[in-house]
Amino acid sequence: MIHIQIHERLTKVFREIFEDASLEVKDEYNAKDIPGWDSLAHVNLTIAIEEEFGIRFLTAEIASFACVGDVKKVIQERTKV
Amino acid sequence: MGACLKGGTGGMAKDQMEAWSHFLSKINAKLTYPELITMARSLKGLQRDADMFPGDAAIIRTKIALLGNYNLSFLPSPLEVYLAQHHVQVDLFLGDFANYKQDLLSSDSALYAFCPHIIILLLDHHSIYLWPAMYASHAEVQDVADRQIQVWVALWEKVRGECSASIIQTNIALPCERPLGHYEARTEWSATHYLRKLNQLLAERAPSHVHILDAEHLSGILGKLSWFDEPTWYNTRQSLGFSAVPTLTRSLASMIAALLGKSRKCLVLDLDNTLWGGVVGDVGVEGLRLGKGDAVGEAFIDFQHYIRQLKERGVILAVCSKNNPEIARAPFESHPEMVLKLDDFSAFVANWDDKATNLRRIALQLNVGLDSLVFMDDNPAERALVRRYVAAITVPELPEDPALFRRVLDEGGYFEIATLSKEDLVRTSYYLAERKRQEQAAIAPDVNEFLESLEMVCTCGPFDEMNLQRIVQLINKTNQWNLTTQRLTEGEVGDRMADPSYFTLWVRNRDCFGDNGLIAVLIAREQKATLEVETWLMSCRVINRGIEDFIFNELLDEARRRGTSSVEGTYRPTRKNTIMRLFYENLGFERLVTEEDGTTRWRLHLSRDVCHRPNHIARGGSREDEGRTGEVNSDDSYSDT
């Protein structure tokens, strides 16, 4: 999947989870940058992303995500044709 | 469409009502966890805008504590969505999952300060720390299991001593992995065998205030490979996979609703292509697909068998069909393979009016709330119409294939019960007797002669263990003939039973058409030289027979025995009990005060001229054998071990 598509669909998920229709998501963002990104929201976000892209993250991947860019990389990897 | 199509909206704005019915129509068994999170958000919005549900359904608020040995923080939102379907709103206490035992065992815990109405205890196999050793003997395995059960017993007893909350506890879902493979099934010390034993012991030992949520069954229904999800467990300490969260919280909501008396009571069925294949008006009784030798016909037969099992355990059945009445009745009368008979139905409505109107009629006729009805119809247009115009009625979405109807009805959990009493088993016969009473009323020259001809007998007595479950059931589900609509848990009723300042009374009634069972409950408290009525309610099946006069006389006698100078009472209005508004006034009470919410308080001075009220009821039975008279006994609570 091309980067822009991933970005758009990811933004949609973020906007839903954080209830902010104008939220812009940057690659370097992490939990500190978005209000309401606590441990509960984090899991909800992970599950919503898995659902949106039809993938399942590995246990180790979830533990290693440090920023949005990391998540995008894994999605890109998984959705390669 | 008839003018009566639109029912009361309870003063709710039209767009709000539509938002609510749209929300409710989206709740189903197929929702995913992310969808439920989104819905929980819209629910919060709806609750901000209106503090009631559309239609005639009154909202119940309750306090629930969620405890368990795994991370429960993902469960509240989905649970709230499914509870909304039962018109229940909750204040939640969420326990720290590492500390559920400390919460339960220490009297000064935040849990008890919260005063929960219901405590939910969610446990999985990680919570079991006593396991049999390899090659343990039968006696050793039994001993380990007993000690594990004792851990639970201690928790249950502590809760019982600290508060009057009911407990819903899961049994243990058997994990997927079996180190001994199939050999576990016959090896007593294996995990499979041992957990099965624990579940069995849990069922046997749980006291009546502990209700079991069968997690082992649910995990099987969903599939254990989905129920358990190891990555989720290691990442979040929630042993359930997220695809199991909807399954668990939906069942939990049904059980909570059952404990609060919000389960549905009546199943209303369409006929053509719902109970049998084909349109009887077109193909005739002989042309119907119903019975052995035809795949579709067999599916309908099995569906009918399932419905009859529901009826036998107390679910009221009704028919709502667009048909000429004699055509609608024909298959019941002459099809040899019909399982359901006309006598199985407490109401039978077949005409050409719209179904929303007919369903309102059925609710009126049976004297149950619209929110007590579940309506099954194969026709999507009829379902949509009923949902739109009578949002309080539950209308399950039916698949095209009738072979799946039974499962959809079962999975809905609409008729979940917390206890099963003999009253439930004979309930449908009350409705049949009632039909005969109405016929007699039609031929009696006046009301007094009719009441006289019923040859009514009432027996009564103070609350006792034998009648406790039925009393709790009535307190928690009676809506109409109920002066204060005060809901109480079994523990709270038990407290009143043991406190001598309380006067408690149950009343049974029978007449020449049969036994009506335990039909009325009164709780009053003596304080400051008055006897104050806290709860007074009566089952709607015996309204207008003068039984309230009989009870008033009992109350009066008790007040005189105690030497109080007055009797006081309260009327607290709800959306369903307006018939009670002037009840105390009609008994000769004087109004003390009217509060802002419409609550009125009343007093009757016990001067010498206050005397018994006349009625047509004989007082039956001695105090000793009350509860054993009549064919409906109450020594029958199957869940009470």
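Please refer to the structure higher up on the page.
Rules used throughout
- Residues numbered from 1 in each chain as written.
- Chains lettered and ligands numbered in written order.
- Predicted model: local features only at pLDDT ≥ 70, side-chain atom pairs only at ≥ 80, totals over all residues.
- Heavy atoms only, no water.
- Pairing = 2+ DSSP bridges.
- Helix = DSSP H or I, 4+ residues; strand = E, 2+ residues; numbered from the N terminus.
- Right-handed = clockwise from strand over helix to strand, strands pointing away.
- Contact = heavy atoms within 4.5 Å.
- Buried area = accessible area lost by both parts, 1.4 Å probe.
- Salt bridge = Lys/Arg side-chain N within 4 Å of Asp/Glu carboxyl O.
- Phe/Tyr/Trp six-rings, centres within 6.5 Å; stacked < 30°, edge-to-face > 60°.
- Buried < 20%, exposed > 50% of the residue type's maximum accessible area, 1.4 Å probe, protein only.
- Lys NZ or Arg CZ within 6 Å of the ring centre and 35° of its normal.

Draft legend 1. Main features of the pairing of strand β5 (residues 210-213) of chain B. Residue and element names in this part refer to chain B. Summarising the sheet, strand β4 (residues 166-170) and β5 pair through four bridges and their orientation is parallel. Bridging from a neighbouring strand, T170 pairs with L213 of β5. With respect to chirality, the unit in which β4 leads through helix α7 (residues 191-205) into the neighbouring parallel β5 is right-handed.

Draft legend 2. Highlighting the interface of chain B and chain A. Counting from both sides, the interface comprises 15 residues of chain B and, opposite them, twelve residues of chain A. Counting the surface lost from both chain B and chain A, the interface buries some 1100 Å², and carbon and sulfur atoms represent 59% of this. The largest contributions to the chain B side of the interface with chain A come from P34(B), R41(B) and N235(B), which together make up 43% of the buried area. The tally of links between chain B and chain A comes to two salt bridges. The salt bridge partner of E19(A) is R41(B), with a shortest N-O separation of 3.1 Å.

Draft legend 3. Just the packing of aromatic side chains, in detail. All names here are of chain B. This model, assessed by the stated rule, comprises 22 aromatic pairs over all chains. Between the aromatic rings of F74 and F242, the centroid separation amounts to 5.2 Å while the plane-to-plane angle is 75°, which identifies the pairing as edge-to-face. Linking F74 in the loop between β1 (60-68) and α3 (76-85) with F242 in the loop between α10 (230-236) and α11 (245-259), this pair joins segments that are 168 residues apart in sequence. Note on F242: relative accessible area 10%, which makes it buried. Through a chain of ring-to-ring contacts, three or more aromatic side chains come together here, namely W481, W536, F583, Y584 and F589. One Lys or Arg, K63, reaches over the ring of F114 and ends 5.3 Å from the middle of that ring. Taking the ring centre of W506 as reference, the NZ or CZ of R508 above it sits at 5.9 Å.

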